[in-house]
Amino acid sequence: MDPGSSESPNMGCNKTIVWFRRDLRIEDNPALAAAARDGFVYPVYIWCPKEEGQFYPGRVSRWWLKQSLAYLKQTLKSLGADLVLMKTQSTIFSLLECINAIGATKVAFNCLYDPISLVRDHNIKEKLVELGISVQSYNADLLYEPWDVYDENGNAFTTFKEYWDKCLLLQKELISTLPPWKLQQAAGMVGCCSIEELGLENESEKSSNALLARAWSPGWSNGDKALVEFVENHLLEYAINRQHLGGSSTSLLSPYLHYGEVSVCKVFQKVRMKQILWAREGNALGEQSTNLFLRAIGLREYSRYICFNFPFTYERSLLSSLKFFPWHDSQDNFKAWRQGRTGYPLVDAGMRELWATGWIHNRIRVIVSCFAVKVLLLPWKWGMKYFWDTLLDADLESDILGWQYISGSLPDGHELERLDDPQIQGSKFDPDGEYIRHWLPELARMPTEWIHHPWDAPQTVLHASGVELGLNYPTPIVELDLAANRLTEAIIKMREIEAAAGANSNGTNEVVMDNADRVQSVGTTNAAAAAKTTCATNSSNDQKVPTIQNSKVNNNPLSRKRSKAMEEKGEFQYNIRNNIQSEAGTSKSDEDLCSTAESSSSKKPSTSRTSFSVPQFCSSSKELPQSSEENTDR
Ligand SMILES: Cc1cc2nc3c(=O)[nH]c(=O)nc-3n(C[C@H](O)[C@H](O)[C@H](O)COP(=O)(O)OP(=O)(O)OC[C@H]3O[C@@H](n4cnc5c(N)ncnc54)[C@H](O)[C@@H]3O)c2cc1C
């Protein structure tokens, strides 16, 4: 018999509140299945804008949520239970209202791992347990929960490759639960509202949102269809197509995955089956494609892992050195970037697509985010927040990971000194200029030869194309040479300040203080326990973060990240690393030492990594894994 069936022999007569959040599906939903097995269910979705704080979802993300909730409500109704929607000032208050209304003895929900939900859920769990309510939480969002994967010393990994290799070694058995056949609704009345009354979409947003429905179909069964369509028709060529801008070269599953409309276990299993099949057939392309796609799923897992183990990565970068970076917090530049008026066609096209559709390809995300951080020197947190506000698939952990990756904040991410040239990237990723023509109609008549660098085009060409630089299309906001110099200077300054801060601290441990009322010392070892302690001490205010003891400050301006990716991509980048090193007075032998060590991927970290800012790790280039082309493609 179906384990989720209400007619299961184990069926009891408990009354369980099933608290839906970002698990808007019925298939492979362990909280729903367990509650259905146990007796009567009371499915509820609680919308509490106040508790979302600064991470209140943006317009397009809320549009998606609204459609998905409507879809889920319909499905649950057809199974026999209604999804109760509540708009509230306090989630715990609304949960208690439901508990009292139906006389529930249990609350079941699926875990979320972002720093905000972890704190909130822990507090709620504590309060409910105090009141004698049984609370059951399940994993419905990840293949591996963050506390499943540690190195041999019990420490959290800080590089993706090591993490994902370990995950693949674990060979965990993935168990998917079937959807219940039937649900028995627990009776009770609460102050609920309609989907419209939740206020996810206001009147002024409706007309722009209407366009989204042309391209996207939210809802769990559409997510399922999208998965099948991708696996059957596009997965095989993923290795070749995934770099193509526009179109459906990738799975487009990210918004479904964010709202839990597709089970990540199901995605993994389907792709793994293809992998086995293609391996047997000796289909090399198929194998490569499945490896790369599973790696993409691994990146999503890793984003949760990093945020869980280093819980304040959303407001502080993983590598502590960036805290000394002299950002240019120019509102004007930020505005020009947001509006797609930087004068660099590829960047502008990307930003216009983002604004118009709420979605951009990963390659474009990397290009526009690098431009913001490396060319405009805008704080990465600004970009992260803007993406959060505008992306259809806005996902706190993936967004954090993406921005930290490109801004030199991760040990295995882009080097801070790496500066890609948008003109050359344009010729590589949009060789015919079609992407530019689509999103920048003012450049539609530019010949392909000049479309990625109209500022170099002869006056006659500009005239014939109807382009008036500075009038109907901007001149570059900053020359790339100048940007490279500014970045060099900023990095030198950062290292000077960092060195001075290290000297002032007299070699003693750095303590990264947080903004919590009460502070806790938390390491990354036994992070699950640590996270519990953290949650327990913080209020439900989502901005509370723990104090971390860093064992050592990285004082050495030379001890930077590897330059492998730069070497590989030399022709596309401004090689400002050498400038930095000569200006900072580094010797050739230092550089050699660095690059030799950096090219060694086989070397294992020799020191333990028990602190958030990973100073020991990043202070020794020996410990850094080799950068792969795939890494740079992330
Ligand atoms: C600066 C920046 C910000 C980003 N912000 C977000 C975000 O807010 N939400 C989001 O879902 N993704 C984000 N990403 C990751 C990535 O760009 C998107 O997940 C991907 O483009 C979604 O398209 P897809 O579903 O077709 O991906 P596919 O290539 O088909 O990959 C399948 C799935 O793997 C996961 N995935 C793929 N690449 C990544 C990655 N680099 N990091 C984490 N997960 C990944 C996604 O869940 C994706 O749906 C960001 C990347 C960068 C560089």
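Every value quoted in this text rests on a predicted model; they were computed, and no experiment measured them.

Participant: I'd like to hear about the packing of aromatic side chains, residue by residue, with values.
Facilitator: Geometrically, a pair of aromatic rings is defined through the distance of the ring centres and the angle of the planes. Under the counting rule described, the total for this entry stands at 30 aromatic pairs. Geometrically, the ring pair formed by Tyr 163 and Tyr 302 is tilted, given 5.1 Å between the ring centres and 40° between the ring planes. Taken as a pair, Tyr 163 in helix 6 (residues 160-170) and Tyr 302 in helix 12 (residues 284-309) lie far apart in primary sequence, 139 residues in all. With relative accessibility at 1%, the residue Tyr 163 sits in the buried group. Ring-pair connections join several aromatic residues into one group, and the members of that group are Tyr 150, Phe 160, Tyr 163, Trp 164, Tyr 302 and Tyr 305. Just above the ring of Trp 19 sits the side chain of Arg 21; from NZ or CZ to the centre is 4.3 Å. The aromatic ring of Trp 359 is capped on one face by Arg 365, whose charged end is 5.5 Å from the ring centroid.

Participant: Mind laying out the environment of Arg 25, listing which residues take part and the relevant values?
Facilitator: Mapped onto the secondary structure, Arg 25 falls in the loop between strand 1 (14-20) and helix 1 (30-38). Along the chain, Arg 25 and Gly 260 lie 235 residues apart, while their C-alpha atoms are 6.7 Å from each other. The contact partners of Arg 25, leaving out residues within four places of it in the chain, are Phe 20, Leu 72, Ala 140, Trp 220, Gly 260, Glu 261, Val 262 and Ser 263. Polar side-chain contacts of Arg 25 include one of 2.8 Å to the backbone oxygen of Asp 28.

Participant: Account for the pattern of salt bridges, with residues named and values stated.
Facilitator: Counted under the stated rule, the structure contains 23 salt bridges. The salt bridge involving Lys 66 is made with Glu 196; its shortest N-O contact spans 3.0 Å. Residue Lys 66 is found in helix 3 (residues 59-79), and its partner Glu 196 is found in the loop between helix 6 and helix 7 (203-215); the two are separated by 130 residues along the sequence. Here Arg 418 makes a salt bridge to Asp 420, at a shortest N to O gap of 3.3 Å. The exposure classification of Arg 418 matches that of Asp 420, with both residues buried. A network of salt bridges, in which partner residues are shared, links Lys 66, Glu 196, Glu 201, Glu 203 and Lys 206.

Rules of the game
- Residues numbered from 1 in each chain as written.
- Predicted model: local features only at pLDDT ≥ 70, side-chain atom pairs only at ≥ 80, totals over all residues.
- Heavy atoms only, no water.
- Phe/Tyr/Trp six-rings, centres within 6.5 Å; stacked < 30°, edge-to-face > 60°.
- Helix = DSSP H or I, 4+ residues; strand = E, 2+ residues; numbered from the N terminus.
- Buried < 20%, exposed > 50% of the residue type's maximum accessible area, 1.4 Å probe, protein only.
- Lys NZ or Arg CZ within 6 Å of the ring centre and 35° of its normal.
- Contact = heavy atoms within 4.5 Å.
- Polar contact = N/O pair within 3.5 Å; in protein donor to acceptor, adjacent residues only side chain to side chain.
- Salt bridge = Lys/Arg side-chain N within 4 Å of Asp/Glu carboxyl O.

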